[in-house]
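# Reading the structure
Listed below, chain by chain, are the residues.
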Amino acid sequence: MNCPITSRLCYTDGTIYIERCALRMAFSSCTSAAILRTSLTPPTSLRRSPPYTPPIFQSLVANPPACSLRLHNSSRIGVNPEEFHCKASSSMAEIATEKAKGKVQVFDSEEDLAVSLAKHTADLSDKFAKRRGAFTVVLSGGSLIKSLRKLAEAPYIDAVEWLKWHVFWVDERVVPKDHEDSNYKLAFDGFLSKVPISPGNVYAINDALSAEGAADDYETCLKHLVKTNIIDVSQATGLPKFDLMLLGMGPDGHVASLFPGHPLVQANKQWVAFIKDSPKPPPERITFTFPVINSSANIALVVAGAGKANVVNVALGNGQSSGLLPVQMVSPEGELRWFLDNGAASHL
Ligand SMILES: O=C(O)[C@H](O)[C@@H](O)[C@H](O)[C@H](O)COP(=O)(O)O
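Rules behind the numbers
- Numbering of residues begins from 1 in every chain and follows the order in which that chain's sequence is written.
- The predicted origin of the model limits local features to residues at a pLDDT of at least 70 and limits the giving and counting of side-chain atom pairs to 80 or more, whereas totals for whole chains, interfaces and linings rest on all residues.
- Water and hydrogen atoms were dropped before computing side-chain values, which therefore reflect all heavy atoms in the structure.
- Helix and strand labels come from DSSP, where a helix needs a run of H or I of at least four residues and a strand needs a run of E of at least two; each type is numbered from the N terminus.
- Exposure is judged per residue with a 1.4 Å probe applied to protein chains only, and the accessible area is read against the type maximum: over 50% gives exposed, under 20% gives buried, and values in between give partly exposed.
- Residue contacts are counted whenever heavy atoms from the two residues lie within 4.5 Å of one another.
- Only the protein chains shown count as cover for residues, with accessible areas throughout obtained via the Shrake-Rupley method and a probe of 1.4 Å.
- Being near a molecule or strand, for a residue, means having at least one of its heavy atoms within 4 Å of it.
- The term polar contact refers here to a pair of N or O atoms within 3.5 Å; inside protein, the definition further demands a hydrogen-donor-capable atom paired with an acceptor-capable atom, and it admits residues adjacent in sequence only when both atoms are side-chain atoms.
- Between 30 and 60 degrees the pair is tilted, below 30 it is stacked and above 60 it is edge-to-face, where a pair is any two Phe, Tyr or Trp rings, Trp via its six-membered ring, whose centres lie within 6.5 Å.
- One requirement defines pairing of two strands: DSSP has to find at least two bridges between them.
- Look down the strands so they point away from you; if the path from the first strand over the helix to the second goes clockwise, the crossover is right-handed.

In this section: the overall build of the chain. Counting its secondary structure elements, the chain contains 7 helices and 15 strands. Of all 348 residues assigned to the chain, the portion counted as buried reaches 55%. In the chain, 72% of the contacts between residues at least 6 apart in sequence involve partners at least 24 apart. If you sum the accessible surface of the chain, you get close to 15,100 Å²; carbon and sulfur atoms cover 53% of it.

So, about the site of the ligand. Around the ligand lies a shell of 15 residues, among which Ser143, Asp171, His254, Ala256 and Lys308 are the nearest. Alanine 256 is positioned with one of its backbone polar atoms (N or O) 2.6 Å from an oxygen atom of the ligand. Between an oxygen atom of the ligand and a side-chain N or O atom of lysine 308, the distance comes to 2.5 Å. Starting from 420 Å² of accessible surface for the ligand in isolation, the protein chains cover 90%.

Along the polypeptide, histidine 262 turns up in the loop between β11 (244–247) and β12 (272–275). Overall, the relative accessible area of 16% leaves histidine 262 in the buried class. A polar contact is formed between the side chain of histidine 262 and the backbone nitrogen of leucine 264, at a distance of 3.0 Å. The contact partners of histidine 262, leaving out residues within four places of it in the chain, are Ile275 and Asp277.

As enumerated under the stated definition, the model contains 12 aromatic pairs in all. Taken together, Phe128, Phe135, Trp162, Trp165 and Phe191 form an aromatic cluster joined through their ring pairs.

The buried count for helix α7 (residues 309–316) comes to 7 of 8 residues, which makes it a mostly enclosed element. In this structure, the buried side of α7 is in contact with β5 (103–107), β14 (298–303) and β15 (335–341).

Moving on to unusual backbone geometry. The amide bond that connects alanine 154 to the next residue, proline 155, takes the cis arrangement and shows omega of 0°. Its location among the elements puts proline 155 in the loop between α2 (144–147) and α3 (156–159). The omega angle of the peptide bond from proline 281 to proline 282 is -5°, so this bond is cis rather than trans. Inspection of the secondary structure puts proline 282 in the loop between β12 and β13 (285–288). Unusually for a residue other than glycine, asparagine 229 sits at a positive phi of about 65°. You can see asparagine 229 is positioned in the loop between α5 (211–227) and β9 (232–233). The exposure class assigned to asparagine 229 is exposed, which follows from its relative accessible area of 61%. In this model, alanine 256 sits at a positive phi of 50°, which is unusual for a non-glycine residue. Residue placement: alanine 256 occurs in the loop between β11 and β12.

Attention shifts here to the pairing of β14. Most of β14 is tucked away: 6 of the 6 residues are buried. Neither face of β14 is left uncovered, since the one carrying Asn298, Ala300 and Val302 and the one carrying Ile299, Leu301 and Val303 both have all their residues buried. As defined by bridge partners, β11 adjoins β14 across 3 bridges and the pair is classed as parallel. Looking across to β14, one finds that methionine 245 is bridged to isoleucine 299. Sheet analysis places β14 next to β15, joined by 6 bridges and oriented parallel. Along β15, the bridge assignment pairs leucine 301 with tryptophan 338. What joins β14 to β15 is α7, and the crossover it makes is right-handed.

The structure is reproduced here in C-alpha cells:
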C-alpha cells in the first residue's frame, strides 16, 4: 500500500484534521498507521510551563569591542537581481568576524531585524525552489517566530512560492500540539496559519508518543524525506542538509534543546535525540543533534535583546565562558548568518 509521508487534510466544521502515517513503521505498509488529530482551535484552558530563568554566567567576561563596525544602509544588501527587492529604512551594521563565525548583521531595532530576516528567507526560498523544487526550512521555538512576521506581509506573502516549503522543527517540546508550550502551536499561531503553506508539508512531531518514541519517529520521517529527495543530503556527512535552519539562542547559549554542559551536546549517533531533563521547561523535548544542525546549507542565528549580549560577546567577541557554549558549536556546511538587534550586540 502506498504510504506517502505527507499528511492528508480533512476540513470539518472549521477544524483541520491532519492525518499522518505513523513514521516508525515500514513505509511500504500503512496498516499500523496512527492517526494524529491536530485541532487548530486552541482549547479553552491551556497550561504553560513556568518561565525559564537560565543560570547566570558569572564567568562571562565583558571585554571592550574587538570587532570593526562598518555602517551602511541595509538596502545595499542583496544586489543579486534574482533577489527580492525590499527597502529597509534604517541603518544596519555589519561586523567583520573570522569566517568561521559567519556573517554578522546588527540592526537598529528588532523591527529592522525582522525586515531583513524576511528578505533573507524569501531570497533562499526563491533560490532553492528554483534549484530543487522544494525549500526545506527548520524552525526553533521562542522569539524567532515573532521575528518571521514580515514574511506574512507584502511583498512576500504573494511573491514567495509557499507551496514549495517543507517545514520542520529543530526542537520540540513533548506536549500535545494544542498545548501552550508546543513549538508547533507557537509557529502555527504566529506564522504558519498566516501564509499559504501546504499543511501536508508541515512536519510536526507525533505528540501521542513518549519523548523517546517521538524522536525516533521524527528521525524516521527525516530519513524517508531524504530518500524521496524532499530533503537534500550532505555529500560530506551523508546527513540531511536543510536549506535553511532558523535558530534562536537562549541567554545561557543554548540552541535547539542542546544546553550547556548537557551530554546531548556531544550526541553524534542519532539525528534526532530526546531529552527528559531540559533545564528550560518543559523538561521533555526532542532535538536535532549537532551533526544534523551543522550539515545545513544555511543557518540564521536570530538573537534579540540585551539579556543575550554577554553570550553574543562570548560567541563573537572577546567574552569568555568556563566552557564551550552550544551556540559556539554552530558551524554549518554552508553559510552562517547572525541577525542581531542593538541590544544583543551591545557588548560587542
Ligand atoms: O523550544 C525552545 O525552547 C527553543 O527552540 C529554544 O532553543 C529557543 O530557540 C531559545 O531558547 C531561544 O528562545 P527565545 O528567543 O525565546 O529566547
